[in-house]
Amino acid sequence: MKGFMEEFKKFISRGNVMDMAVGIIIGGAFTAIVTALVDSIIMPLISVIFGGISFEKWNIVMGPGEEAPVLGLGTFVAAIINFLLIALVIFCLLKSFNKMSEKVKKPEEEAAPTTKKCPCCFSEIAIEATRCPHCTSELPAEE
């Protein structure tokens, strides 16, 4: 049990787990905002466009009586619009984040070579060498 707790402690203290938790919390809050936008502004506008029909009344009753099952088509349409808006906003945020991170990235400088090839035996030798350790030939001075 102690090993399990230690492993769990390592897992939970890793940075990406905390980042994920913050993302989920912010995502939940953002979802509430988009849901309010859809329910309070977008759906009433769509309702006006379709002749004043309330989306909450877009239902199909599956049988006679008050206890009959009801298909809530209006609620389903609102959920689809809600999903599409959230997906659109997340797409735009990620696209702008990627564009910003590309601008911030500095091109990595190529490391200076530490070796060179001997012109006589083609062995790899240190860049500062003046004589090849393999064939003992004297190397021309580099300019």
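Residues numbered from 1 in each chain as written. Predicted model: local features only at pLDDT ≥ 70, side-chain atom pairs only at ≥ 80, totals over all residues. Heavy atoms only, no water.

A. Layout of the overall build of the protein chain. Each helix and strand counted, the protein chain has three helices and four strands in total. Starting at the N terminus, the α and β elements of the protein chain follow one another as α-α-β-β-α-β-β. Relative to the 2.2 N^0.38 estimate, which gives 15 Å for 143 residues, the radius of gyration of the protein chain is 33 Å and therefore markedly larger than a compact globule would have. Dimensions of the protein chain, computed from the C-alpha atoms along their principal axes, are close to 105 × 55 × 25 Å. Buried positions account for 14% of the 143 residues belonging to the protein chain. Pairs at least 24 apart in sequence give 23% of the contacts found in the protein chain among residues at least 6 apart. (Helix = DSSP H or I, 4+ residues; strand = E, 2+ residues; numbered from the N terminus. Rg over C-alpha atoms; globule rule 2.2 N^0.38 Å. Buried < 20%, exposed > 50% of the residue type's maximum accessible area, 1.4 Å probe, protein only. Contact = heavy atoms within 4.5 Å.)

B. Geometry of the pattern of salt bridges. By the definition in use, this model includes one salt bridge. We note a salt bridge from Glu 138 to Arg 131, for which the minimum N-O separation is 3.2 Å. Look at Glu 138 and you get exposed, because its relative accessible area is 61%. (Salt bridge = Lys/Arg side-chain N within 4 Å of Asp/Glu carboxyl O.)

C. Looking closely at helix 1 (residues 2-13). Here helix 1 contains twelve residues, and its C-alpha end-to-end distance of 16 Å stays within 8% of the 16 Å for a straight helix at 1.5 Å per residue. Across the twelve residues that make up helix 1, only a small minority, zero, are buried. (Expected span 1.5 Å × (residues − 1).)

D. Seen up close, the state of the cysteines. Taken as a whole and assessed by the stated rule, the structure comprises zero disulfides. Its sulfur unpaired, Cys 121 is 3.6 Å from the next cysteine sulfur, which belongs to Cys 132. Overall, the relative accessible area of 30% leaves Cys 121 in the partly exposed class. (Disulfide = S-S within 2.5 Å.)

E. Region of interest: the environment of Cys 120. By the secondary structure assignment, Cys 120 is in the loop between strand 3 (115-117) and strand 4 (124-126). When the C-alpha atoms of Cys 120 and Glu 138 are compared, they prove to be 9.3 Å apart, with 18 residues separating the residues in sequence.

F. Inspection of the environment of Val 70 at higher detail. Note that Val 70 resides in strand 2 (residues 70-72). Each C-alpha atom of the pair Val 70 and Met 5 lies 48 Å from the other, and the pair is 65 residues apart in sequence. For Val 70, the residues in contact, after removing those within four places along its chain, are Asn 59, Ile 60 and Val 61.

G. Broad picture of helix 3 (residues 73-104). Between the first and last C-alpha of helix 3 there are 46 Å, a value that for 32 residues agrees with the 46 Å anticipated at 1.5 Å per step. What helix 3 keeps buried is the set Gly 74, Ala 78, Ile 81, Asn 82 and Ile 86.

H. How the structure looks around unusual backbone geometry. Notably, Phe 122 is not glycine yet its phi reads approximately 60 degrees, a positive angle. With respect to the helices and strands, Phe 122 occurs in the loop between strand 3 and strand 4. Phi is positive for Thr 136, which is not a glycine, with a value near 60 degrees. With respect to the helices and strands, the residue Thr 136 is situated in the segment after strand 4.

I. Inspection of the nonpolar core at higher detail. If you look at the biggest cluster of nonpolar residues, it comprises eight residues: Val 34, Val 38, Met 43, Ile 46, Phe 55, Ala 78, Ile 81 and Ile 86. Listing elements by their share of this core, those giving two or more residues are helix 2 (15-49) and helix 3. Of the residues forming this core, the biggest block, four residues, is contributed by helix 2. Excluding residues that lie within four positions of it along the chain, Ile 46 makes contacts with Phe 55 and Ile 81. (Core = buried A, V, L, I, M, F, W, Y, C linked by side-chain atoms within 4.5 Å.)

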